[in-house]
Amino acid sequence: MAEKNQEKKELIEKVIRVNRVAKVVKGGRRFSFSALIVVGDGKGKVGLGLGKANEVVEAIRKAIDQASASMKRISVQGTTIPHAAVGKFGSGKVLMKPAEKGHGIIAAGAVRAVMEAVGIMDISVKCLGSRNPNNLVRSTLEGLHNLRSHEWIASVRGKYSNKVNPQKDDKENKSNSN
(Lines give C-alpha, C1' and ligand atoms only; values in the text may rest on other atoms or scores of the structure.)
Protein backbone atom coordinates (compact mmCIF):
# COMPACT_ATOMS: atom_id res chain seq x y z
CA MET A 1 0.00 0.00 0.00
CA ALA A 2 2.85 2.38 0.81
CA GLU A 3 4.42 1.69 -2.61
CA LYS A 4 1.15 2.63 -4.35
CA ASN A 5 0.93 5.96 -2.48
CA GLN A 6 4.57 6.74 -3.26
CA GLU A 7 3.94 5.91 -6.93
CA LYS A 8 0.93 8.28 -7.04
CA LYS A 9 3.03 11.14 -5.64
CA GLU A 10 5.54 10.79 -8.49
CA LEU A 11 2.89 11.02 -11.23
CA ILE A 12 2.56 14.09 -13.46
CA GLU A 13 -1.08 15.26 -13.57
CA LYS A 14 -2.16 17.61 -16.37
CA VAL A 15 -5.65 19.13 -16.44
CA ILE A 16 -6.59 19.51 -20.09
CA ARG A 17 -10.15 20.75 -19.82
CA VAL A 18 -12.80 21.45 -17.20
CA ASN A 19 -16.21 21.80 -18.81
CA ARG A 20 -19.42 23.09 -17.22
CA VAL A 21 -22.47 21.12 -18.35
CA ALA A 22 -26.03 22.40 -17.87
CA LYS A 23 -29.06 20.14 -17.59
CA VAL A 24 -32.40 21.90 -17.95
CA VAL A 25 -34.99 20.66 -15.46
CA LYS A 26 -38.42 21.89 -14.31
CA GLY A 27 -37.04 24.38 -11.77
CA GLY A 28 -34.27 25.79 -13.99
CA ARG A 29 -30.78 24.60 -14.83
CA ARG A 30 -28.65 22.05 -12.99
CA PHE A 31 -24.92 22.55 -13.45
CA SER A 32 -22.31 19.81 -13.27
CA PHE A 33 -18.68 19.62 -14.32
CA SER A 34 -16.57 17.25 -16.39
CA ALA A 35 -12.78 17.17 -16.21
CA LEU A 36 -10.40 15.69 -18.80
CA ILE A 37 -7.04 14.79 -17.24
CA VAL A 38 -3.84 13.07 -18.37
CA VAL A 39 -1.59 11.33 -15.85
CA GLY A 40 1.93 10.11 -16.63
CA ASP A 41 5.15 9.17 -14.90
CA GLY A 42 7.45 11.05 -17.30
CA LYS A 43 9.16 7.76 -18.21
CA GLY A 44 6.85 6.32 -20.86
CA LYS A 45 3.61 5.53 -19.00
CA VAL A 46 0.42 7.54 -19.53
CA GLY A 47 -3.30 7.31 -18.80
CA LEU A 48 -6.41 9.34 -19.61
CA GLY A 49 -9.34 10.07 -17.30
CA LEU A 50 -12.70 11.77 -17.70
CA GLY A 51 -14.45 12.58 -14.42
CA LYS A 52 -17.96 13.99 -13.98
CA ALA A 53 -19.41 15.46 -10.78
CA ASN A 54 -21.37 18.37 -9.32
CA GLU A 55 -18.16 19.94 -7.96
CA VAL A 56 -15.00 20.78 -9.96
CA VAL A 57 -12.66 19.30 -7.33
CA GLU A 58 -14.62 16.05 -7.20
CA ALA A 59 -14.64 15.77 -11.02
CA ILE A 60 -10.85 16.26 -11.11
CA ARG A 61 -10.33 13.64 -8.37
CA LYS A 62 -12.48 11.10 -10.25
CA ALA A 63 -10.59 11.80 -13.49
CA ILE A 64 -7.21 11.33 -11.77
CA ASP A 65 -8.34 8.00 -10.30
CA GLN A 66 -9.57 6.81 -13.70
CA ALA A 67 -6.37 7.99 -15.46
CA SER A 68 -4.12 6.31 -12.88
CA ALA A 69 -5.99 3.02 -13.32
CA SER A 70 -5.80 3.15 -17.15
CA MET A 71 -2.06 3.84 -17.52
CA LYS A 72 -0.28 2.09 -20.41
CA ARG A 73 3.37 1.95 -21.49
CA ILE A 74 4.49 3.93 -24.56
CA SER A 75 7.55 3.08 -26.67
CA VAL A 76 9.92 6.04 -26.20
CA GLN A 77 13.41 6.40 -27.66
CA GLY A 78 15.41 8.83 -25.53
CA THR A 79 13.45 12.08 -25.50
CA THR A 80 11.48 11.41 -28.70
CA ILE A 81 9.47 8.68 -30.44
CA PRO A 82 11.07 5.90 -32.52
CA HIS A 83 9.24 6.69 -35.78
CA ALA A 84 6.53 8.89 -37.29
CA ALA A 85 2.97 7.93 -36.39
CA VAL A 86 -0.60 8.96 -37.11
CA GLY A 87 -3.32 8.64 -34.48
CA LYS A 88 -7.03 8.72 -35.32
CA PHE A 89 -10.04 8.97 -33.04
CA GLY A 90 -13.42 10.13 -34.30
CA SER A 91 -12.82 13.04 -36.65
CA GLY A 92 -9.56 13.97 -34.89
CA LYS A 93 -6.27 13.06 -36.51
CA VAL A 94 -2.78 13.71 -35.14
CA LEU A 95 0.48 13.41 -37.12
CA MET A 96 3.54 12.91 -34.88
CA LYS A 97 7.13 13.10 -36.09
CA PRO A 98 10.30 12.44 -34.09
CA ALA A 99 12.71 15.36 -33.63
CA GLU A 100 16.35 15.84 -32.65
CA LYS A 101 17.42 16.50 -29.07
CA GLY A 102 16.83 20.13 -28.10
CA HIS A 103 14.02 20.67 -30.63
CA GLY A 104 11.28 20.88 -28.00
CA ILE A 105 7.60 20.04 -28.13
CA ILE A 106 5.91 21.66 -31.13
CA ALA A 107 2.24 20.83 -30.51
CA ALA A 108 -1.20 22.17 -29.62
CA GLY A 109 -2.13 22.64 -25.94
CA ALA A 110 -3.97 19.34 -25.38
CA VAL A 111 -1.33 17.29 -27.23
CA ARG A 112 1.50 19.14 -25.42
CA ALA A 113 0.06 18.08 -22.05
CA VAL A 114 0.05 14.42 -23.14
CA MET A 115 3.67 14.61 -24.37
CA GLU A 116 4.85 16.22 -21.12
CA ALA A 117 3.07 13.55 -19.06
CA VAL A 118 4.67 10.75 -21.11
CA GLY A 119 8.13 12.32 -20.89
CA ILE A 120 8.62 13.08 -24.59
CA MET A 121 10.58 16.34 -24.88
CA ASP A 122 11.45 16.49 -28.61
CA ILE A 123 8.61 16.01 -31.10
CA SER A 124 6.72 17.80 -33.88
CA VAL A 125 2.96 17.32 -33.97
CA LYS A 126 0.34 18.51 -36.45
CA CYS A 127 -3.36 18.29 -35.59
CA LEU A 128 -5.56 17.44 -38.56
CA GLY A 129 -9.35 17.41 -38.53
CA SER A 130 -11.15 18.04 -35.25
CA ARG A 131 -9.67 20.49 -32.73
CA ASN A 132 -11.86 19.20 -29.91
CA PRO A 133 -9.57 18.49 -26.90
CA ASN A 134 -11.28 15.13 -26.20
CA ASN A 135 -10.67 13.90 -29.76
CA LEU A 136 -7.14 15.33 -29.88
CA VAL A 137 -6.04 13.62 -26.67
CA ARG A 138 -7.60 10.29 -27.59
CA SER A 139 -6.12 10.33 -31.10
CA THR A 140 -2.70 11.25 -29.65
CA LEU A 141 -2.84 8.33 -27.24
CA GLU A 142 -3.99 6.03 -30.07
CA GLY A 143 -0.95 7.04 -32.14
CA LEU A 144 1.43 6.65 -29.19
CA HIS A 145 0.07 3.17 -28.36
CA ASN A 146 0.79 2.07 -31.95
CA LEU A 147 4.50 2.95 -31.68
CA ARG A 148 7.02 0.10 -31.79
CA SER A 149 10.66 0.22 -30.75
CA HIS A 150 13.45 -0.48 -33.25
CA GLU A 151 14.45 -3.57 -31.26
CA TRP A 152 10.90 -4.97 -31.38
CA ILE A 153 10.64 -4.41 -35.15
CA ALA A 154 14.06 -6.03 -35.68
CA SER A 155 13.12 -9.09 -33.63
CA VAL A 156 9.83 -9.53 -35.53
CA ARG A 157 11.67 -9.30 -38.85
CA GLY A 158 14.40 -11.68 -37.67
CA LYS A 159 17.18 -9.08 -37.92
CA TYR A 160 20.00 -8.30 -35.51
CA SER A 161 19.10 -5.56 -33.05
CA ASN A 162 22.55 -3.91 -33.29
CA LYS A 163 21.98 -3.34 -37.05
CA VAL A 164 18.84 -1.32 -36.37
CA ASN A 165 20.53 2.08 -36.72
CA PRO A 166 22.80 1.77 -39.79
CA GLN A 167 23.89 5.44 -39.63
CA LYS A 168 25.41 4.88 -36.20
CA ASP A 169 27.24 1.76 -37.40
CA ASP A 170 28.58 3.64 -40.48
CA LYS A 171 30.00 6.39 -38.26
CA GLU A 172 31.74 3.81 -36.05
CA ASN A 173 33.19 2.02 -39.09
CA LYS A 174 34.52 5.29 -40.56
CA SER A 175 36.17 6.25 -37.26
CA ASN A 176 37.79 2.80 -36.94
CA SER A 177 39.15 2.83 -40.49
CA ASN A 178 41.01 6.16 -40.00
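Small disclaimer: the values here were computed from a predicted structure and weren't measured.

**Things to note about the environment of Leu50**
The topology assignment puts Leu50 in strand 3 (residues 45-53). Beyond its immediate sequence surroundings of up to four residues, Leu50 is in contact with Ser34, Ala35, Leu36, Ala63, Gln66 and Arg138.

**Observations regarding the sheet that holds strand 2 (residues 28-40)**
Pairing within the open sheet is antiparallel, and its four strands lie in the order 1-2-3-4. Each having just a single partner strand, strand 1 (12-25) and strand 4 (72-73) make up the two edges of the open sheet. Here strand 1 runs beside strand 2; their pairing, made up of 13 bridges, is antiparallel. Among the inter-strand pairings, Ala22 is bridged to a residue of strand 2, identified as Phe31.

**A word on the pattern of salt bridges**
Counted under the stated rule, the structure contains three salt bridges. With a shortest N-O distance of 2.9 Å, Glu116 and Lys14 are connected by a salt bridge. Here Glu116, found in helix 3 (residues 109-118), pairs with Lys14, found in strand 1; they are 102 residues apart in sequence, far enough to count as distant. Overall, Lys14 belongs to the partly exposed group, its relative accessible area being 25%.

Parameters at a glance
- Residues numbered from 1 in each chain as written.
- Predicted model: local features only at pLDDT ≥ 70, side-chain atom pairs only at ≥ 80, totals over all residues.
- Heavy atoms only, no water.
- Helix = DSSP H or I, 4+ residues; strand = E, 2+ residues; numbered from the N terminus.
- Contact = heavy atoms within 4.5 Å.
- Pairing = 2+ DSSP bridges.
- Salt bridge = Lys/Arg side-chain N within 4 Å of Asp/Glu carboxyl O.
- Buried < 20%, exposed > 50% of the residue type's maximum accessible area, 1.4 Å probe, protein only.

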